[in-house]
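Structure assessment
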Amino acid sequence: MVGLGGKEGTMEKKMMVKKQLNNNHQNTPRFASHSTLLLFSAAVFAILTTTAAAQPFDYADALTKSLLYFESQRSGRLPYNQRVTWRDNSGLTDGLEQGVDLVGGYYDAGDHVKFGLPMAFTVTMLSWGIIEFHDEIAIAGELEHALEAIKWGTDYFIKAHTSPNVLWAEVGDGDTDHYCWQRPEDMTTSRQAYKIDQSNPGSDLAGETAAAMAAASIVFKKTNPHYSLLLLHHAQELFEFGDKYRGKYDGSVAVVKNYYASVSGYMDELLWAALWLYEATDKEEYLKYVVNNADAFGGIGWAITEFSWDVKYAGVQIMASKLLEKEKHKQHAHILKQYRSKAEYYLCSCLNKNNDTTTNIDRTPGGLLYIRQWNNMQYVTTAAFLLTIYSEFLQDSNQNLHCRAGTVDHEEILSFAKSQVDYVLGSNPMNMSYLVGYGSKYPTKVHHRGASIVSYRENKGFIGCTQGYDHWYNRAEVNPNVLVGAVVGGPDSEDNFWDQRDNYMQTEACTYNTAPLVGVLAKLLQLEENHELELFASY
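How each quantity is defined
Residues numbered from 1 in each chain as written. Predicted model: local features only at pLDDT ≥ 70, side-chain atom pairs only at ≥ 80, totals over all residues. Heavy atoms only, no water. UniProt positions renumbered as here; feature names shortened; annotations may be inferred. Helix = DSSP H or I, 4+ residues; strand = E, 2+ residues; numbered from the N terminus. Contact = heavy atoms within 4.5 Å. Disulfide = S-S within 2.5 Å. Buried < 20%, exposed > 50% of the residue type's maximum accessible area, 1.4 Å probe, protein only. Core = buried A, V, L, I, M, F, W, Y, C linked by side-chain atoms within 4.5 Å. Expected span 1.5 Å × (residues − 1). Axes fitted to C-alpha atoms, helices over the stretch in contact; angles between N-to-C directions. Parallel < 35°, antiparallel > 145°, perpendicular 65-115°, else oblique. Nonpolar A, V, L, I, M, F, W, Y, C, P; charged D, E, K, R; others polar. Pairing = 2+ DSSP bridges. Phe/Tyr/Trp six-rings, centres within 6.5 Å; stacked < 30°, edge-to-face > 60°. Lys NZ or Arg CZ within 6 Å of the ring centre and 35° of its normal.

In the annotation of an unreviewed UniProt entry, the entry for the protein reads Endoglucanase, and the organism field reads Gossypium arboreum. What UniProt records for the protein under Sequence similarities (unreviewed entry) is the sentence "Belongs to the glycosyl hydrolase 9 (cellulase E) family."

**A closer look at the UniProt feature "active site" (unreviewed entry) in the protein**
Taking the UniProt record as the reference, the feature "active site" (unreviewed entry) is found at H447. Mapped onto the elements of the fold, H447 is located in the loop between α16 (410–425) and α17 (449–452). Here H447 is in contact with G110, W181, Y473, R501, D502, Y504, T507 and E508, once residues within four sequence places are set aside.

**Here we look at the state of the cysteines**
Here the structure, examined in full by the defined rule, presents two disulfides. Shown here is the disulfide that connects C180 with C465, its sulfur atoms set 1.8 Å apart. Given an S-S torsion of about -95°, the disulfide between C180 and C465 has left-handed geometry. Placement of C180 in the loop between α6 (174–177) and β3 (193–196) and of C465 in helix α18 (residues 465–473) is noted, with a sequence separation of 285 residues between them. Across a sulfur-sulfur distance of 2.0 Å, C348 and C403 are joined as a disulfide pair. Between C348 and C403, the disulfide has an S-S torsion of -85° and is therefore left-handed. Of this pair, C348 sits in helix α14 (residues 333–350) while C403 sits in strand β6 (residues 401–403); the two residues are 55 residues apart in sequence, bridging distant segments of the chain.

**A few points about the side chain of E208**
Considering the arrangement of structural elements, one finds E208 in helix α7 (residues 203–219). In this structure E208 comes out as buried when scored by relative accessible area, which is 0%. For E208, the contacting residues outside a window of four places in its chain are L117, A120, F121, T124, E269, W272 and K312.

**Section: the nonpolar core**
The biggest cluster of nonpolar side chains holds 159 residues, and the ones touching the most others in it are W128, W276, Y339 and L401. Among the elements that line this core, the one with the most residues is helix α4 (residues 116–139), at twelve residues. Contact partners of W276, with chain neighbours within four places excluded, come to T124, W128, I131, A211, A214, A215, I218 and M319. Counting residues in hydrophobic clusters, the runner-up holds six residues, among them W181, I453, V454 and I463.

**Considering helix α15 (residues 377–396)**
Here α15 is 20 residues long and its end C-alpha atoms lie 29 Å apart, about the 28 Å a rise of 1.5 Å per residue gives. Of all 20 residues in α15, 18 are buried, a share of seventy percent or more. Once α15 ends, the next one or two residues include N398, with phi positive near 55°.

**Observations concerning the packing of helix α13 (residues 313–322) against α15**
Following both chains from N to C, one finds α13 and α15 inclined at 10°, their axes separated by 11 Å at the closest point. In terms of orientation, α13 lies roughly parallel with respect to α15. Packed against α13, whose contacting residues are A314, G315, I318, S321 and K322, the element α15 presents L386, I389, Y390 and F393 at the interface. When grouped by side-chain class, the residues that make up the contact of α13 with α15 number six nonpolar, two polar and one charged.

**Things to note about the sheet that holds β3**
Strand order across the open sheet formed by three strands is β1-β2-β3, with antiparallel pairing between neighbours. The sheet is open, and its two edges are formed by β1 (114–115) and β3, each paired on a single side. Here β1 pairs with strand β2 (residues 167–171) via two bridges, running antiparallel. When the bridges of β2 are listed, K114 appears paired with V171.

**Some details on the packing of aromatic side chains**
Centre-to-centre distance and the angle between the planes together describe a pair of aromatic rings. This model, assessed by the stated rule, comprises 26 aromatic pairs. Between W128 and F385 the ring centres are 5.0 Å apart and the planes differ by 65°, which places this aromatic pair in the edge-to-face class. Here the residue W128 occupies a position in helix α4, and F385 occupies one in helix α15, the gap between them amounting to 257 residues. With respect to burial, W128 and F385 carry one shared label: buried. Between W181 and Y473, the ring centres sit 4.6 Å apart and the planes meet at 65°, which makes this aromatic pair edge-to-face. Of this pair, W181 sits in the loop between α6 and β3 while Y473 is found in helix α18, placing the two residues 292 residues apart along the sequence. The class of W181 is buried, set by a relative accessible area of 1%. Here the aromatic cluster, defined as three or more aromatic residues joined through ring pairs, consists of F121, W128, F133, W272, W276, F307 and F385. Against the face of W152 rests R74, its NZ or CZ located 4.6 Å from the ring centre. When the ring centre of Y227 is taken as reference, the NZ or CZ atom of K151 above it lies at 4.7 Å.

What follows is the structure in structure tokens.
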């Protein structure tokens, strides 16, 4: 985790500026001359105008909306404080056929299958965002919503982990689900549940779920210690299960192969889980696992140019490399330095700073990182997150990033991360915000069943499986419900985007697209507010 020194310094400076402003206000004569007040007002207006011109993005609004999206994706019985009012209860019999309670959790995208692997990664990223940017999210007034978003996922994982060596991996299946276009409240598709166990292992799924619960246990440690310990208990059991009974989960749950196949295998998830358990417990056994398996599991062998629900190596390498700064880890310096070398390869690839252009990540003409055609935005938001936390780490430790094509300081890294976020928010050739509901122009025909059909709360008349296709999917009109806060798949390699419901490569949104943005938006908002305060103070 990032050291707090830099953050506390920033917060202290912010409070000093506020105090100075208050003092200035108190020391002003009550009957100051009218002309003085006019001059001051003009100066303030000039500062605000300059700031607005330099920064057209409302990160506070984007942050609020990004967290709202997770409420649209909720499965189960919705709570009294549900803010997305076009949604209602759904999936209330999930797990019933198997004799388990699997009600709750998240739908991953525009359909109604509950896929365990991307759901767990979503929760890990939300938790990591709070761990790194807790104060920034709290100051923005969004901490409670962020905690609720995490807990909606972890409550489900607790249910799904029915015994030490059993984890329910999926509810519903993509094949039957895709035959229907229905609201989640009307679902008639199969809700069969699938599990991993000793005979049908899934180390990748067990590992990612363990990582999610371990990271969340850190988040809830102070505010809900009992819940934190419960999460940690599940995380430790899941890691032990995944490590002892090794295998890819898509070999045990065949129905997932066409949707969330584990291409990278399970070794990255086991390293990932061990690192998060080390962060949560400070137990040397978990760190030794990461060190001892570094080579055999590819942690120091794979130089990766993407970070996603499937491929965790870059996240592992960045977490491991940050441990180098602590004196107690010096005994593992040889291995941790190799982790760091691979972490920096990823970062330099993002920054276009590797000498060999084939090892740099491609960019669109408009400057967006481009990995692949299908849902490219997921790789953009995860890259922005890793770049942002590494920038802060370098700032706190007074270091630079050394790439083959030159040295990069923390400000340049953060500036590039910001450029990616700003592209998402509308600074792009299409002038399109790819965060739905944000700005004046955003996708209005998102590939999403619930958003594209009249709200159940408005019209409770049943909409059948094919009726949804006939009456709603093929409509030329915009969606009746706005999927606020969703990050869609995004533009192609030439910055082109077609806002069509059937263009699912570009217009479908996923929970793991938005999750990494939460912490980054809070960080950018804090920087912007500090900049404004410094402008006032300098006046």
